[in-house]
Amino acid sequence: MTRKIAHLTTVDLSLRHLLLAQIEASLAAGDEVIGISARGPDVPFLEGRGMRFVELAGSTRSMRLRSDLRAAWSLWRILRHERPDVLHTHNPKPGVYGRVVGRLAGVPRVVHTTHGLYADPGDPLLKRVVVYAIEAVASRFSHVELVQNPEDLALMDRWHLASRRKLRLLGNGVDLDRFRPPAPDVRRAVRRELGLADDDVVVGLVCRLVAEKGVPELVTAVGRLGRPFRLLLVGPHDPEKADAVPPARLAEARAAGGVLTGHRDDVERLYAAMDVFCLPSHREGFPRAAMEAAACGLPVVATDIRGGRQVVDPGRTGALVAVRDPAALAEGLRPFVDAGLRERFGAAARAKALTDFDEAGVVARVLDAYDR
């Protein structure tokens, strides 16, 4: 029986880069799939894969009450017109109003994925109470709560943020065929394209260039290390976000020998240029870029937070360091000047990815949630 499945996100970038495997699996099963978000440059790609796109008026990544109310009203009208069998919500804002509107609009099955609670145990009590209270209310309107990170799942159960019968551990994964250790000639070619020398120790990060991802701390840490370390930043400037990294800070990184590529769709090639991947985030759910790097055979240095702890096995596949601490970050990266250490940790990271980060299992659990 053909179903109509609607994925709700803030922007089309999430549909393409976070949910493509789920969308394609549903299409392959004969389902009709609708993507609902703000319109952006990824829409033609998604439509080319067979997904139908419906624009969500008012959807923004920043917190704007008037725009958010407009987006909720737009969603109501879309759902009443489309009548999907499943509404699958993602991201913090549409994850809240999407569950409420979806249930009130009469969608038979409302499924939500928690990609990472917007408050961590270390956050101020007031922030945690507000975020957890909003999550507890929104979860009352869903049928299934898929939680990527086991720490979030335990917290949601402990704080009774959702009914235990709704909660399911989803995990996260990547395409292990696309992200794999590169051939030596590919590595040499990509490094030449980027102007990186053979003896450079390249510290890479793939992310939106915002402070929450720890970009300022990484710029400082690599600057402290000096030669032979060099920084490779892959990702777009994100001026819509309040914590966008200032252009002057990015210019500082370039002046110190860093390479900034901007947004790239061929990130699997750019991992080939790296020697170690670093994710100094302040908050994560289950970080995809770090899993991609591990699958490509790179050691990973990450902050000791939810998400980092799931990707990195300290002393075997990488290192965990304190949050917002450039000195600790530099010391975590320093040992990887040793090529032998990089090779051993990178091989262990690839082995962990093969065991723990296969997106095929994630897709199967999502489809099972729809079927049940």
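Residues numbered from 1 in each chain as written. Predicted model: local features only at pLDDT ≥ 70, side-chain atom pairs only at ≥ 80, totals over all residues. Heavy atoms only, no water.

A. Here's a closer look at the pattern of salt bridges. Under the criterion given, the structure shown has 37 salt bridges. The residue aspartate 265 makes a salt bridge to arginine 16 at a minimum N-O spacing of 4.0 Å. Linking aspartate 265 in the loop between strand E10 (259-262) and helix H11 (267-271) with arginine 16 in helix H1 (residues 12-17), this pair joins segments that are 249 residues apart in sequence. Put simply, glutamate 82 and arginine 52 hold a salt bridge, and the shortest N to O gap is 2.8 Å. Pair noted here: glutamate 82 is in helix H4 (residues 65-82) and arginine 52 is in strand E3 (residues 52-55), with a separation of 30 residues, a long-range link. Three or more residues are tied together by salt bridges with common partners; here these are Lys4, Glu32, Arg52 and Glu82. (Salt bridge = Lys/Arg side-chain N within 4 Å of Asp/Glu carboxyl O. Helix = DSSP H or I, 4+ residues; strand = E, 2+ residues; numbered from the N terminus.)

B. Representation of the nonpolar core. Of all hydrophobic cores here, the largest spans 63 residues; its most connected members are Leu218, Tyr271, Phe277, Val301 and Leu333. Apart from residues no more than four positions distant in its own chain, phenylalanine 277 is found in contact with Gly204, Leu205, Val206, Tyr271, Ala289, Ala290, Ala293, Leu298, Pro299, Val300 and Val301. In this structure, Leu56, Val101, Ala105 and Val107 belong to the second largest nonpolar core, which totals 17 residues. (Core = buried A, V, L, I, M, F, W, Y, C linked by side-chain atoms within 4.5 Å. Buried < 20%, exposed > 50% of the residue type's maximum accessible area, 1.4 Å probe, protein only. Contact = heavy atoms within 4.5 Å.)

C. Representation of the environment of arginine 168 in the model. Along the polypeptide, arginine 168 turns up in strand E7 (residues 167-169). A relative accessible area of 22% means that arginine 168 is categorised as partly exposed. Each C-alpha atom, one on arginine 168 and one on alanine 21, is 19 Å from the other, the two residues being 147 residues apart in sequence. Residues within four places of arginine 168 in sequence aside, it is in contact with Val144, Glu145, Leu146, Val147, Leu153, Asp368, Ala369 and Arg372.

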